[in-house]
Structures are given as C-alpha cells and as structure tokens.
Amino acid sequence: MMTVINTFVAPACHQSIETLYQDDHLLLINKPSGLLSLSGKNPLNLDSVHYRLAQMYPQITLIHRLDLGTSGIMLLALDKATNALLTKQFQARTVIKRYQSIVAGHVEQDSGIIEAPISKDKALFPRLKVCFAQGQKAISHFQVLERLNNPERTRLLLTPETGRTHQLRIHCQYLGHPILGCDLYGSFDTQAMAPRLLLHAAELEFAHPITGQRMTISSPCPF
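Residues numbered from 1 in each chain as written. Predicted model: local features only at pLDDT ≥ 70, side-chain atom pairs only at ≥ 80, totals over all residues. Heavy atoms only, no water.

*Asks:* Which residues make up helix α2 (residues 80–91), and what values do they have?
*Replies:* Its 12 residues give α2 an end-to-end C-alpha distance of 16 Å, which sits within 8% of 16 Å, the value for a rise of 1.5 Å per residue. Within α2 the residues assigned to the buried category are T82, N83, L86, Q89 and F90. Along the long axis of α2, the arc covered by the buried residues comes to 125°, so they all point the same way. Facing away from the buried surface of α2 by more than 90 degrees, the exposed residues are K80, A81, K88 and Q91. The N-capping residue of α2, defined by a side-chain oxygen 3.2 Å from the backbone nitrogen of A81, is D79. At the exit of α2 stands R93, carrying a positive phi of roughly 60°. (Helix = DSSP H or I, 4+ residues; strand = E, 2+ residues; numbered from the N terminus. Expected span 1.5 Å × (residues − 1). Buried < 20%, exposed > 50% of the residue type's maximum accessible area, 1.4 Å probe, protein only. Arc of directions from axis to C-beta. Polar contact = N/O pair within 3.5 Å; in protein donor to acceptor, adjacent residues only side chain to side chain.)

Here's what the structure looks like:
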C-alpha cells in the first residue's frame, strides 16, 4: 500500500459567503469558488464554509458539499432534526441539483445522459476514475445551452442523478469535453483556459423539511 501524504493548502479566499435564503431551520448560501466546504485536516486549511458559518450558528451542519473550485448553492441545516430530514431527501434522490459549466470543444449532441461508474484511482490520488468493473453507479444528464467560438467551448446545463465525488468533472472528461479550469480531469491547455473551475451550482430544488413546501433556489452563473 502506498501512503499518500496530502500536502495541499488552499489559497486564501477573500470573497464573502452570500446568503440566498434563511429561516429558523435552514440556510441556503452562495459559496464562492476557492473556498473549502469543510475545513481540512491540515491546520492551514481551517477557512471553510462550515468554519465561517459556525461562528454565527454553532449548531450548523453541511447537508452536502461542493468542491473547492465549484461555486454556487449550498444547503445547510441549523439544527439536528432538520439535518436528518434533509439528509433523507438527498439519500432518496428527491433533491434536484442543476449546474452550469463551460467545457472544452463543441458538444455535438444537444442533450444526453452519461452513465459511467466511478471508483478511486489509487495510483493517482486524489483523482477518481471511470471504472465499469468496480465503480459506483453514476448518472449525469447534460443539455447544451450555447456553443461558443474562438476558442470552441460549450456551455452546459448539468443535472446529476447520483452524487459521487467529482462526478460532473469526471463525466465531462469521459464525454471528451473537460470542464475549463479543472486541475484534475483536464489537460494543461483546458486548465489554462479559465482562471477557475467553470462549474457553478445554479439551482437547487427540494421540499422544505418542516412545511413540506417545494422550494427552488437559484444563483446566477458568475461566468
């Protein structure tokens, strides 16, 4: 077994967290790109969504996470009971998450489904990989919003059906169109085409855990 020492330190994030919705039970925020969802083991990676918000709401818990480079909507619970109810919705896949992204090249199909199971890549930690032999089921839907030129790029609406780590980044790479700015699943060229990962959690749809009312929260795409 090879031991991988993770020496990654996230650059300082000076952008603030925007509150999109708040009530007595939950909080919906807009996470800036470059901010961790949860503090890392390395003490230099203390700054995170959870760390900042726990200063104001000591009971707050994350229901889901976004990758460091991904911006957009995150849902947090303000108490344990709400956390349990929201977690059940995520496990039952009744929460709909929609992302916008810009990928390299022109995607030919106007829409489609990517079904490619994902597993750990022990040789290339912390990367994951598509593995049909022993990967976990992973399904993403994509829809072309616009095709851009000079250089050729495509703006996609991505709707993951499952919630695997790095799923959308891996699935776009598998499609042959890596997300621009991605440091793990692109080439040096596609990483250099954007100053950040061009992936944004633009819409979240779920049932309010207390009222049962269906809620749809949106966050405009910043790129």
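*Asks:* Give a detailed account of the nonpolar core, specifying residues and quantitative values.
*Replies:* Counting residues in hydrophobic clusters, the biggest one holds 41 residues, and the most contacted among them are I29, V49, L53, L76, L156 and L158. Mapped by element, the contributors of at least two residues to this core are β2 (26–31), α1 (49–54), β4 (71–77), β5 (96–104), β9 (139–148), β10 (153–160), α3 (167–175) and β11 (199–207). The greatest single-element share of this core, amounting to 4 residues, is contributed by β5. When residues no more than four places from it in sequence are discounted, the contact partners of L156 are Y99, Q100, S101, V103, V107, F142, Q143, V144, L145 and C172. Counting 13 residues, the second largest nonpolar core, distinct from the first, contains I63, F90, F206 and I217. (Core = buried A, V, L, I, M, F, W, Y, C linked by side-chain atoms within 4.5 Å. Contact = heavy atoms within 4.5 Å.)

*Asks:* Help me get a handle on the pairing of strand β1 (residues 18–22), residues and values and all.
*Replies:* With 4 bridges connecting them, β1 and β2 associate as antiparallel partners. Along β2, the bridge assignment pairs Q22 with L27. Between β1 and β2, which pair antiparallel and follow one another directly, the connecting turn spans 3 residues. (Pairing = 2+ DSSP bridges.)

*Asks:* Help me get a handle on the layout of surface pockets, residues and values and all.
*Replies:* There is about 160 Å³ of room inside the second largest pocket. Looking at the second largest pocket, it is lined by 13 residues, and the ones nearest its centre are Q15, N30, K31, P32 and S71. Among the secondary structure elements, those contributing two or more residues to the lining of the second largest pocket are β2 and β4. For the lining of the second largest pocket, a count of residues per class yields 3 nonpolar, 7 polar and 3 charged. (1 Å grid on protein atoms, 1.4 Å probe; cavity = no way out; pocket = protein on both sides within 12 Å on 5 of 7 lines; lining within 4 Å. Points joined across faces, edges and corners; volume = space filled by probe spheres on them. Nonpolar A, V, L, I, M, F, W, Y, C, P; charged D, E, K, R; others polar.)

Function cannot be read off these values alone, since they describe shape.
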